[in-house]
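# Per-entry structural report
One letter stands for each residue in the lines below.
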Amino acid sequence: MPRSVNHVASRAKRKRILKLTRGYIGARKNVWTVAKNTWEKGLTYAFRDRKAKKRNFRALWIQRINAAARLEGMSYSRLMGALHKNGIEINRKVLADLAVNHPEAFKAIVDKVR
């Protein structure tokens, strides 16, 4: 009895991966093994960078808050310590947005905790 191979499914699987690698350069887009390895590596990078994105944004917010706080004559660490001591629950994302887009509101917060 001849060996039974499901060509329809295996070809569909290859087509699906090759469709996902469209736009890549060179053999990465049309050579099956290279395309598959590139696509898998891309998933690894995507997983890693979803975590890194959160770290990068938090660092950006802290830099913005620090710059705005220093304009008001206070360091970032002293400002955050004073906020916690006074029981003001405001996260860094909102605080950074206030520092950039609404400096008068940020100044009011700094004056409140000073």
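Scoring rules and cut-offs
- Residues numbered from 1 in each chain as written.
- Predicted model: local features only at pLDDT ≥ 70, side-chain atom pairs only at ≥ 80, totals over all residues.
- Heavy atoms only, no water.
- UniProt positions renumbered as here; feature names shortened; annotations may be inferred.
- Salt bridge = Lys/Arg side-chain N within 4 Å of Asp/Glu carboxyl O.
- Buried < 20%, exposed > 50% of the residue type's maximum accessible area, 1.4 Å probe, protein only.

The chain carries the name Large ribosomal subunit protein bL20 in an unreviewed UniProt entry, which gives Falsiporphyromonas endometrii as its organism. Here the chain is described in UniProt, under the heading Function (unreviewed entry), as follows: "Binds directly to 23S ribosomal RNA and is necessary for the in vitro assembly process of the 50S ribosomal subunit. It is not involved in the protein synthesizing functions of that subunit." In UniProt, the chain has this text filed under Sequence similarities (unreviewed entry): "Belongs to the bacterial ribosomal protein bL20 family."

## Examining the pattern of salt bridges
Counting across every chain of the model gives four salt bridges. Arg48 is the partner of Asp49 in a salt bridge, and the nearest nitrogen-oxygen pair spans 2.9 Å. With relative accessibility at 45%, the residue Arg48 sits in the partly exposed group. The partner of Asp111 in a salt bridge is Arg114, and the shortest N-O contact between them spans 3.6 Å. Each of the salt bridges in this network shares a partner with another, and the network as a whole consists of Glu72, Lys107, Asp111 and Arg114.

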